[in-house]
Amino acid sequence: RRLVGTSGGWLCFDVCFFGVTIFLPHVMHAIIDKEDRGREMLLLSASVSCLVNCLAIPAALLSIRLVVDDAMGRKGLQQASFGLIAVSYAALYLLFPSLRGIGSTGGVVLLFSVLFFSLNFGAGLTTYILPQESFPRHIRGSLNGVAAAS
């Protein structure tokens, strides 16, 4: 039961996080670069990616604070985080077409920024902590690896 729970956390986090991380430059290119200005687009895409990824820092610090205070508990923090991720994805799904239609690059960047904050808040930390706390010491490393691999 613990292995299924920790594996599920890894799976959900990896699909959400790496899906966005891999496709963010392609999405930004499709939205921003209308005239195919290669070098300028590369610099702009790098700047947007840097800005969006900088939100990982306050999200991680907030997560650390909540873990240290143990206000929500690690499992509660992970559940709340996945709920926030779901809301962020829903907002991106619902608002993206209209923002793209009116050419609102800032709005799209804001949506991706909120999504990155959500991904790095809670689940970005508890995905690594929960397997360490769930398994006995003598098999912890092996089962953590199995959970991460599945």
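Coordinates for the structure precede this section.
Bear in mind that the values here come from a model prediction, so they are computed numbers and not experimental data. (Residues numbered from 1 in each chain as written. Predicted model: local features only at pLDDT ≥ 70, side-chain atom pairs only at ≥ 80, totals over all residues. Heavy atoms only, no water.)

Peer 1: An account of the packing of helix H4 (residues 74-101) against helix H5 (residues 105-120) is needed here, citing residue identities and associated values.
Peer 2: Each pair of packed helices can be summarised by the angle the axes make with each other and by the distance between the axes. Between H4 and H5, whose axes approach to 9 Å, the crossing angle comes to 170 degrees. The angle between H4 and H5 falls in the class roughly antiparallel. In the crossing of H4 with H5, the sense of the turn from one axis to the other is left-handed. Along the contact surface, H4 presents Ser81, Leu84, Ile85, Ser88, Tyr89, Ala91, Leu92, Leu95, Phe96 and Leu99, while H5 presents Gly107, Val108, Leu111, Phe112, Val114, Leu115, Ser118 and Leu119. Class assignment of the residues belonging to the contact of H4 with H5 gives a composition of 14 nonpolar, four polar and no charged. (Axes fitted to C-alpha atoms, helices over the stretch in contact; angles between N-to-C directions. Helix = DSSP H or I, 4+ residues; strand = E, 2+ residues; numbered from the N terminus. Parallel < 35°, antiparallel > 145°, perpendicular 65-115°, else oblique. Left-handed = near helix turned anticlockwise from the far one by under 90°. Contact = heavy atoms within 4.5 Å. Nonpolar A, V, L, I, M, F, W, Y, C, P; charged D, E, K, R; others polar.)

Peer 1: Describe in detail the side chain of serine 118, supporting the description with residues and values.
Peer 2: Among the structural elements, serine 118 can be located in helix H5. Only 2.9 Å separates the side chain of serine 118 from the backbone oxygen of valine 114, close enough to count as a polar contact. Sequence-distant contacts of serine 118, that is, excluding residues within four places in its chain, are made with Ser81, Leu84, Ile85 and Ser88. (Polar contact = N/O pair within 3.5 Å; in protein donor to acceptor, adjacent residues only side chain to side chain.)

Peer 1: Outline the side chain of glutamine 78, listing residues and values.
Peer 2: Summarising the element assignment, glutamine 78 is placed in helix H4. Those residues in contact with glutamine 78 that sit more than four places away from it in its chain are Gly9, Thr126, Thr127 and Leu130.

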